[in-house]
Amino acid sequence: NLTVARAASGAGLNARAAAGFARADRELDASDRYGYATVLSRLGRDVDAAGEFARVPASSPQAAVAAYQRARSLLRAGQTSTARAALRRVTQTFRRDTNVVAPALFLLADLATDDGRDPDARAGFSAVATRFPTSALAPAALFRAATISYVAGRFDVAARDFDRLVERYPRSADASAARYWAGRAREAAGDRRLEIGQRQLENID
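Since the structure is predicted, the reported quantities are computational estimates derived from the model, not experimental observations.

Analysis parameters
Residues numbered from 1 in each chain as written. Predicted model: local features only at pLDDT ≥ 70, side-chain atom pairs only at ≥ 80, totals over all residues. Heavy atoms only, no water. Phe/Tyr/Trp six-rings, centres within 6.5 Å; stacked < 30°, edge-to-face > 60°. Helix = DSSP H or I, 4+ residues; strand = E, 2+ residues; numbered from the N terminus. Buried < 20%, exposed > 50% of the residue type's maximum accessible area, 1.4 Å probe, protein only. Contact = heavy atoms within 4.5 Å. Core = buried A, V, L, I, M, F, W, Y, C linked by side-chain atoms within 4.5 Å.

(A) Region of the structure containing the packing of aromatic side chains. Scanning the entire structure with this criterion turns up seven aromatic pairs. With a centroid separation of 5.1 Å and an interplanar angle of 70°, the aromatic rings of Phe-106 and Phe-125 are classed as edge-to-face. One end of the pair, Phe-106, is in helix H7 (residues 98–114); the other, Phe-125, is in helix H8 (residues 118–131), with 19 residues separating them in the sequence. Summarising the burial analysis for this pair, Phe-106 and Phe-125 share the class buried. An aromatic cluster is present here, built from Tyr-150, Phe-155, Tyr-180 and Trp-181 joined pairwise through their rings.

Pasting the structure below:
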């Protein structure tokens, strides 16, 4: 059963793989357990997948990514509060693992955006860009942090972050948009300063 499950998983035969892993449950090592959970996730069985990811031993090489994928499965299953707590544990337990902490922080920031907690969202996106500058998520995180500042009317801060994105990641998918919005932010900042100056003059008069 285990041999068939492994082969089926590699061939993309997810239903057959899941059945084989289930029958060989007592024989699964950490790698097989992770493979079983992954197959369940592919089948859309998110609650079951979360349960199997949780059974991956904490001492195994797959522990960090399993913890992150468990949180993702919980989120897809609609268990948002539990998923958020699981993501926070990932950032604390595996704080030196860029492969899981960066996406966990990004996802937490995304959830904060959904909740309307823009300051928390900006802090989370900024943390990804600052702590993990080589992560593939860093340009997108910096762009989102800058966008939040722009929407909040903090145009100087937004322009600075958009410019940082262009400087650090000129070939990223977000660079062109960042150039445009950096110009818009500087323009808006100038208009805001002019408006404030006019009000000050009116108060003097």
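Still more ground to cover, so stick around.
(B) Representation of the side chain of Ser-73. Here Ser-73 lies in helix H5 (residues 63–76). Ignoring sequence-local partners within four residues, the contact set of Ser-73 consists of Ser-41, Asp-46, Ala-49, Ala-50 and Phe-53.

(C) Focus on the nonpolar core. Membership of the largest hydrophobic core comes to 28 residues, with the highest contact counts inside it found for Tyr-68, Leu-87, Val-100, Leu-105 and Phe-125. Going through the elements one at a time, H5, helix H6 (80–93), H7, H8 and helix H9 (138–151) are the ones with two or more residues in this core. The dominant element in this core, judged by the number of residues it contributes, is H7, at 11 residues. The next biggest cluster of nonpolar side chains, apart from the first, holds 19 residues, and it includes Ala-159, Leu-165, Tyr-169 and Ala-189.

Read these as spatial facts, not as claims about activity.
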